[in-house]
Amino acid sequence: NAGVTQTPKFRILKIGQSMTLQCTQDMNHNYMYWYRQDPGMGLKLIYYSVGAGITDKGEVPNGYNVSRSTTEDFPLRLELAAPSQTSVYFCASSVPGTGSEKLFFGSGTQLSVL
Amino acid sequence: AQSVTQLGSHVSVSEGALVLLRCNYSSSVPPYLFWYVQYPNQGLQLLLKYTTGATLVKGINGFEAEFKKSETSFHLTKPSAHMSDAAEYFCAVSGGYQKVTFGIGTKLQVIP
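Would you take a moment to explain the overall build of chain A for this structure?
Per the secondary structure count, chain A includes zero helices and 11 strands. The globule rule puts the C-alpha radius of gyration for 114 residues at 13 Å, and the 13 Å found for chain A is close to it. When the backbone C-alpha atoms are referred to their principal axes, chain A occupies close to 40 × 30 × 25 Å. In chain A, buried positions account for 46% of the 114 residues.

Help me understand the packing of aromatic side chains in this model?
Any two aromatic rings considered together are summarised by their centre-to-centre distance and by the angle between their planes. Inspection of the entire model under this criterion finds 12 aromatic pairs over all chains. Relative to B:Y36, the ring of A:F105 has its centre 5.8 Å away and its plane inclined at 80 degrees; by these criteria the two rings are edge-to-face. Of this pair, A:F105 sits in strand β10 (residues 104-105) while B:Y36 sits in strand β4 (residues 32-38), placing the two residues on different chains. We classify B:Y36 as buried; its relative accessible area is 0%. Three or more aromatic residues joined by ring pairs form one cluster here, namely A:Y33, A:Y35, A:F90, A:F105, B:F34, B:Y36 and B:F102. Its end group placed over the ring of A:F74, A:R68 keeps NZ or CZ at 5.9 Å from the ring centre.

Explain the state of the cysteines here, please?
On inspection of all chains with the given rule, the structure shows two disulfides over all chains. Here A:C23 engages in a disulfide with A:C91; their sulfurs sit 1.9 Å apart. Across the S-S bond of A:C23 and A:C91 the torsion is about -70 degrees, and the bridge reads as left-handed. Note that A:C23 is positioned in strand β3 (residues 19-25) and A:C91 in strand β9 (residues 87-94), a separation of 68 residues in sequence. With respect to burial, A:C23 and A:C91 carry one shared label: buried. Sulfur-sulfur distance for the disulfide between B:C23 and B:C91 comes to 1.9 Å.

Help me out: how do you make sense of the nonpolar core in this one?
Side chains that are nonpolar tend, in soluble globular proteins, to be buried together. All names here are of chain B. Counting residues in each nonpolar core, the largest one holds 27 residues, and the members touching the most others are W35, L48, L76 and Y89. Looking at this core, the elements that each hand over two or more residues are β2 (10-14), β3 (19-27), β4, β5 (44-50), β7 (64-68), β8 (73-78), β9 (87-94) and β11 (106-111). Those residues in contact with L48 that sit more than four places away from it in its chain are L33, F34, W35, V57, K58, G59, F63, E64, A65, F74 and L76.

I tried to follow the sheet that holds β3(A) on my own but got confused; where do I start?
In sheet architecture, strand pairing relies on hydrogen bonds along the backbone and comes in two forms, parallel and antiparallel. Residues and elements named next belong to chain A. Taken together, the four strands give an open sheet; going across it, the order is β1-β3-β8-β7, and neighbouring strands pair in antiparallel fashion. Strand pairing shows two members of the sheet lacking a second neighbour, β1 (4-7) and β7 (64-66), which therefore form its edges. In this sheet, adjacent strand axes meet at a mean angle of 20 degrees when their direction is disregarded. Judged from the three bridges that link them, β7 and strand β8 (residues 76-78) form a sheet pairing that is antiparallel. Looking at β8, one finds that Y64 is bridged to L78.

Explain the sheet that holds β8(B) here, please?
Residues and elements named next belong to chain B. Taken together, five strands build an open sheet; the order of strands is β1-β3-β8-β7-β6 and the sheet is antiparallel. Across the chains shown, the open sheet's two edge strands, defined by having one partner strand only, are β1 (2-7) and β6 (56-58). Mean inter-strand twist for the sheet, computed between neighbouring axes without regard to direction, equals 20 degrees. The sheet contact formed by β1 and β3 spans six bridges and is antiparallel. The residue of β3 that forms the bridge with Q6 is C23.

Teacher, can you tell me more about the interface of chain A and chain B here?
Frequently, the measure chosen for interface size is the accessible area removed from exposure when the parts meet. Contact with chain A, which involves 23 residues of that partner, is made by 22 residues of chain B. In this structure, the connection of chain A to chain B is made through zero salt bridges. The tally of links between chain A and chain B comes to three residue pairs in polar contact (both at pLDDT 80 or more). Those elements that place two or more of their residues in the side of chain A that touches chain B are β4 (31-38), β5 (42-51) and β9 of chain A. If one sorts the elements of the side of chain A that touches chain B by residue count, β4(A) sits on top with four residues. Broken down by class, the residue content of the side of chain A that touches chain B amounts to 10 nonpolar, 10 polar and three charged.

Here is what the cut-offs are and how they apply
- Residues numbered from 1 in each chain as written.
- Chains lettered and ligands numbered in written order.
- Predicted model: local features only at pLDDT ≥ 70, side-chain atom pairs only at ≥ 80, totals over all residues.
- Heavy atoms only, no water.
- Helix = DSSP H or I, 4+ residues; strand = E, 2+ residues; numbered from the N terminus.
- Rg over C-alpha atoms; globule rule 2.2 N^0.38 Å.
- Buried < 20%, exposed > 50% of the residue type's maximum accessible area, 1.4 Å probe, protein only.
- Phe/Tyr/Trp six-rings, centres within 6.5 Å; stacked < 30°, edge-to-face > 60°.
- Lys NZ or Arg CZ within 6 Å of the ring centre and 35° of its normal.
- Disulfide = S-S within 2.5 Å.
- Core = buried A, V, L, I, M, F, W, Y, C linked by side-chain atoms within 4.5 Å.
- Contact = heavy atoms within 4.5 Å.
- Pairing = 2+ DSSP bridges.
- Axes fitted to C-alpha atoms, helices over the stretch in contact; angles between N-to-C directions.
- Salt bridge = Lys/Arg side-chain N within 4 Å of Asp/Glu carboxyl O.
- Polar contact = N/O pair within 3.5 Å; in protein donor to acceptor, adjacent residues only side chain to side chain.
- Nonpolar A, V, L, I, M, F, W, Y, C, P; charged D, E, K, R; others polar.

Structure (structure tokens):
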């Protein structure tokens, strides 16, 4: 089982460049999420989606955009990269429910903006 | 609003010793509580979770946690640490829907 797959694993961007972090899951999960992880800060929710065509902001959405055209894919777009976006990004998915459901995580994308 | 406080960003224990990782939460509704583990260069994996019912929850790899409502705590324990337990551990709370709030994480070092 592939689970949640993220690409690329590593990327270095220059300030002002743009890029898309890819995330796909093969578990037919309706709910998908993007988190960023910074040292000593834990994980912060950037955006989430409860199904194709539906997205919503999380705790730290500024500087990011998302789309959800299919159940499987949930790409995260950085339009004008800034050093503050240097982080490790995790995509996750879950089944719908009351909030007690397990999150399935990808292995992460380490992004540096220089 | 909900929040999680993990006491101690780094914990060191000797191999074979008790592991105790502390977590306190705040939630305006009855919470769902989780512990996730992250091994180097990997995503997070669920160790255990509390939803309702029995307050002592058993998870994978010999870990367990006890939900104490009066203390708003959900501490993670393991009787005997193994070298393979070295990882970062995250406590998390969900007050409903899918907005899970994570703590800052505790890095566990196991000394041989």
